[in-house]
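# Fold and geometry: a report
The chain contents come next:
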Amino acid sequence: MACNRSVRLLCRSKRVDIGSDPGIHHWLIGSPFLPPLTVVSILRCIHTLPSSSSSPDLSKESEELRTLILKGFEIIGALASGDDTNARAAVDAARGLRKLLYGERTRDDDQAVIGAVSSSDSGDLRFFVSESGNATSLESVSSVIEEQHPEKCVWENGCLLRCELPIKLPVYYPVKNPTDVEKAFVRANEAVIAKLRDPQVVYILETLNKTSLDLPPPAIIRGAELDFGTDLSKIRPLAEGDDGFDASSLACSYFSMNNKAGSPVFSVENADTIQVNVHFNSLGSSSASTVPVAEYLPVQEEARLLIVDIKLDVLCYSSRELPLKHAVSSLIIPGLVDQLNILQNLMLPNLLTQHPQLKCYHFSPPGILHPVTVFYELSFGETELKQVEVRRSLHSRLGLPYDRPLLRIANSLDFSKLKNSGIVSLQKGSALLRDVHTGIPNSGVTGGTVSLVQGSYEYFHYLQDGYNDSGWGCAYRSLQTIISWFRLQNYSSIEVPSHREIQQSLVEIGDKDPSFIGSREWIGAIELSFVLDKLLGVTCKVINVRSGAELPEKCRELALHFENQGTPVMIGGGVLAYTLLGVDYNEASGDCAFLILDPHYTGTDDLKKIVNGGWCGWKKAVDNKGKNFFLHDKFYNLLLPQRPNMV
């Protein structure tokens, strides 16, 4: 029997890799702030029971997902492989996971849960709905809607809340019985949790956007005003107050800057973000004595003091219409409590022998509409094997490729820069133009498929940094652009090398004599491959073309490169070198165009001047005037850098 309800997919179902194995493969993520049965993302189930590879280990799954999924998002279903009979197993698994994550006060009595199944033959998804926890039958969904603008659905009426809370936990434990340190740590943790719910605690909320002149005053919420245990789905929005300081009558939209700034770009980076600060000391009136009071707490035996440094960093998703006091009580405080308990479990085994260096990071990986939160152990650095395996597991969970570093520390959200925009690089103070091809006119190829560089790069060209390399440095500049791409994609943290440092590298590997350093000698694709290998460990593929007339024949191969590798390509021919950023190729007609970034430009970093002057733009092998862009009497080498296989 089919129900009249619809499932809305904000994520693309084609991203889901089911495989042929039976069992629960993915969890469906939604939000109480979005319409019911809206699937925001699909996360892989990666832990199964030792006794049954088709049954999820709900305990391990809940431990990891509690950290990963922001408050404001939740498990709303599961996806299994096989026929329709497996939908019931998917619903039961989702309900079991919900109980572990959200406790006994889950809304399962009236929460619709989705059971989805995927055919191992066709890969088609079918959705079923269980309307309540006591339902014995499932109803198939009548329609599935794939939203065309999923970012808008999430962020048009949504915002972020962030709370950072550094804590120094004093832990006293007896010298003769150091194992009691665990009990003392748990007690100290419980005291902090109780303090978060204390009627005297004060929460101050303010906008994270400091660039606007029209900032609303901060809102102050006291613990006595908080209402714990409220069902978010039943909260009715409150009208905004007039004075801006009575937080009991304010919603999150009070801090909304996007609605006031016209038409925003919908993304995590552009979302309104509310900063929440916690103050444990209250200045409220008290009938108690105001004179200093000393409290003496004697111990029965010799004890030691251990100070445990903890920094909580909670990120939550909320509807703009959610009252601020409920955002604190139902999102921020549960998020802080969860992080305290997570850190407690991670620290307890080695609290005395090896104090872990755990730090929280937030990421917005490509293809995932919502941020995710991750704790990293930094004692051994992020390239240590254990850390690599942690990231590889996260890539598996999120359906991310295994050949690019998307969850390294350098990829994490930097909230001090989220409101910055434009083409200026934010890495290490660089002020070079980035991604200059964005928004340029189309190529003129009819019916072609455009394949472009993936990710950001910086534009290096003649005469930059006051260095005169006009007439001989184009390949050096192309190499610098390529290396900047690897830096900005976090494959490497080295500085982009100067001409002299490039020459020094070639001398060190024995390719050039020492007299080469400081010279104005040209280099080509082969030398560039040597430098990339030495400085970055990057291998390259080289395509040799006997004549510029043959370059269009390589468009299919170049299109595959940009689709699979996505790195900038260096084209060297005769005495000229260019950087290739993409191709537009019509496979049926053979018509094609090349997106060229020209390092021979000698002007200032004026984007309009660069684009209008054709220094970055589409070039056809033969233009409409019959002029050849690539010379027919010159050979060309194409250098195709390959992505390192790393996370």
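Now for a quick tour of the structure. Here the structure is a predicted model, which is why all the values come from computation and not from measurement.

### Description of the overall build of the protein
- A count of helical and extended segments in the protein gives 11 helices and 24 strands.
- Contacts in the protein between residues far apart in sequence, at least 24 positions, make up 70% of those at least 6 positions apart.
- Roughly 30,600 Å² of accessible area belongs to the protein as shown, and the carbon and sulfur atoms make up 50% of that amount.

### Quick notes on the pairing of strand β12 (residues 202-207)
- The pairing of β12 with strand β13 (residues 219-222) spans 4 bridges and is antiparallel. Residue pairing in the sheet places Y203 in a bridge with I221 of β13.
- Of the strand pairs in this sheet, β12 and strand β14 (residues 273-279) are connected by 6 bridges, and their pairing is antiparallel. For T207, the partnering residue across the bridge sits in β14 and is I274.

### A few points about the nonpolar core
- Ranked by internal contacts, the top residues of the largest apolar core, which has 97 residues, are W27, Y203 and L205.
- No other element matches the 12 residues that helix α5 (residues 324-347) contributes to this core.
- I440, L506, F516 and I523 belong to the second-largest nonpolar core, a separate cluster that totals 44 residues.

### Looking at empty space enclosed by the protein
- Within this structure, the stated rule accounts for 2 cavities of 30 Å³ or more.
- What the largest cavity holds in volume is close to 120 Å³.
- Along the wall of the largest cavity there are 15 residues; nearest its centre are R66, T67, I69, G335 and Q339.
- Only α1 (58-68), β15 (303-319), α5 and β17 (372-377) provide two or more residues apiece to the lining of the largest cavity.
- For the lining of the largest cavity, the element with the most residues is α5, which contributes 4 residues.

### Considering helix α4 (residues 181-196)
- In a regular helix each residue adds 1.5 Å, so 16 residues correspond to 22 Å; α4 covers 23 Å between its end C-alpha atoms and thus fits that length.
- Where α4 is buried, its residues meet β11 (158-174), β12, β14, β15 and α5.

### Here we look at the side chain of D435
- Looking at where D435 falls in the secondary structure, it is placed in the loop between α6 (385-398) and β18 (449-452).
- Nearest to the buried, unbridged D435 among oppositely charged side chains is R434, at 4.4 Å.
- Among the polar contacts made by the side chain of D435, one reaches the side chain of S456 at a distance of 2.8 Å.
- Non-local contacts of D435, meaning those with residues more than four positions away in its chain, are made with G455, S456 and Y457.

### Some remarks on the pattern of salt bridges
- Inspection of every chain in the model, using the stated rule, returns 22 salt bridges.
- With a shortest N-O distance of 2.7 Å, K71 and D338 are connected by a salt bridge. With a gap of 267 residues between them, K71 in the loop between α1 and β7 (74-81) and D338 in helix α5 connect regions that are remote in the sequence.
- Judged by relative accessible area, K71 falls into the partly exposed class, the value being 21%.
- For K620, the salt bridge is made with D591, and the minimal N-O distance between the two is 3.4 Å. Here D591 lies in the loop between β21 (576-585) and β22 (592-597) and K620 lies in the loop between β23 (616-619) and β24 (636-641), a separation of 29 residues in the sequence.
- Given the relative accessible area of 26%, K620 is considered partly exposed.
- Through salt bridges that share partners, R162, E164, K311 and D313 make up one connected network.

### Considering a nonpolar patch on the surface
- Residues Y172, L305 and I307 make up a contiguous nonpolar surface patch of roughly 310 Å² in combined accessible area.
- Within the fold, Y172 resides in strand β11.

### Brief notes about the sheet that holds β12
- Reading across the sheet, the 5 strands line up as β13-β12-β14-β11-β15 and stay open at both edges, with mixed pairing between neighbours. Among the strands making up the open sheet, the edge pair consists of β13 and β15. Taken over all neighbouring pairs, the strand axes of this sheet differ in orientation by 20 degrees on average, direction set aside.
- Relative to β14, β11 runs parallel, the two sharing 4 bridges. If you follow L161 over to β14, its bridge partner there is I274.
- On top of the sheet, α4 reaches β11, β12, β14 and β15; it is set at about 140 degrees to β11, its chief contact.
- Lying over the sheet, α5 contacts β11, β12, β13, β14 and β15, oriented at roughly 140 degrees with respect to β15.

### With respect to the state of the cysteines
- In total, this model carries 0 disulfides according to the counting rule given.
- The thiol of C316 is not disulfide-bonded; the next cysteine sulfur, from C163, is found 8.5 Å away.

### Some thoughts on unusual backbone geometry
- Positive phi, normally seen in glycine, also occurs at L463, with a value near 70 degrees.
- Along the polypeptide, L463 turns up in the loop between β18 and α7 (474-488).
- Since its relative accessible area comes to 35%, L463 is described here as partly exposed.

### Some words on the packing of α7 against helix α9 (residues 525-536)
- The geometry of α7 relative to α9 is characterised by a closest axis approach of 11 Å and an angle of 35 degrees between their N-to-C directions. Seen along the crossing, α7 lies across α9 with a hand that is right-handed. In this structure, α7 uses A475, L479, I482, I483 and F486 to contact α9, whose residues at the interface are L528, V531, L532 and L536.
- Looking at the contact of α7 with α9 residue by residue, the classes come out as 9 nonpolar, no polar and no charged.

### Considerations on the packing of α1 against helix α2 (residues 87-102)
- Where α1 meets α2, the closest approach of the two axes is 9 Å, and the angle between their N-to-C directions is 55 degrees. In terms of orientation, α1 lies oblique with respect to α2. As for how α1 packs across α2, the hand of that crossing is right-handed. In this structure, α1 uses L58, S59, E61, S62, L65 and R66 to contact α2, whose residues at the interface are A93, G96, L97, L100 and L101.

### Considering the environment of W27
- Mapped onto the secondary structure, W27 falls in strand β2 (residues 24-30).
- In this structure, the C-alpha to C-alpha distance between W27 and L43, residues 16 residues apart in sequence, is 5.2 Å.
- Only 2.7 Å separates the side chain of W27 from the side chain of E61, close enough to count as a polar contact.

### Quick word on the layout of surface pockets
- As a volume, the second largest pocket reaches approximately 1,100 Å³.
- Around the second largest pocket, the lining is made up of 32 residues, and of these E64, I342, L346, F375 and V390 lie nearest the centre.
- Of all elements in the fold, only α1, α5, β17 and α6 reach the threshold of two or more residues within the lining of the second largest pocket.
- The biggest single contributor to the lining of the second largest pocket is α1, with 7 residues.
- Considering only residue class, the lining of the second largest pocket consists of 13 nonpolar, 10 polar and 9 charged.

Rules of the game
Residues numbered from 1 in each chain as written. Predicted model: local features only at pLDDT ≥ 70, side-chain atom pairs only at ≥ 80, totals over all residues. Heavy atoms only, no water. Helix = DSSP H or I, 4+ residues; strand = E, 2+ residues; numbered from the N terminus. Contact = heavy atoms within 4.5 Å. Areas by Shrake-Rupley, 256 points an atom, 1.4 Å probe, with all protein chains shown as cover. Pairing = 2+ DSSP bridges. Core = buried A, V, L, I, M, F, W, Y, C linked by side-chain atoms within 4.5 Å. Buried < 20%, exposed > 50% of the residue type's maximum accessible area, 1.4 Å probe, protein only. 1 Å grid on protein atoms, 1.4 Å probe; cavity = no way out; pocket = protein on both sides within 12 Å on 5 of 7 lines; lining within 4 Å. Points joined across faces, edges and corners; volume = space filled by probe spheres on them. Expected span 1.5 Å × (residues − 1). Lys, Arg positive; Asp, Glu negative; His and termini not counted. Salt bridge = Lys/Arg side-chain N within 4 Å of Asp/Glu carboxyl O. Polar contact = N/O pair within 3.5 Å; in protein donor to acceptor, adjacent residues only side chain to side chain. Patch = residues over 30% accessible without salt bridge, like charges linked within 9 Å, V, L, I, M, F, W, Y side chains within 5 Å. Axes fitted to C-alpha atoms, helices over the stretch in contact; angles between N-to-C directions. Disulfide = S-S within 2.5 Å. Left-handed = near helix turned anticlockwise from the far one by under 90°. Nonpolar A, V, L, I, M, F, W, Y, C, P; charged D, E, K, R; others polar. Parallel < 35°, antiparallel > 145°, perpendicular 65-115°, else oblique.

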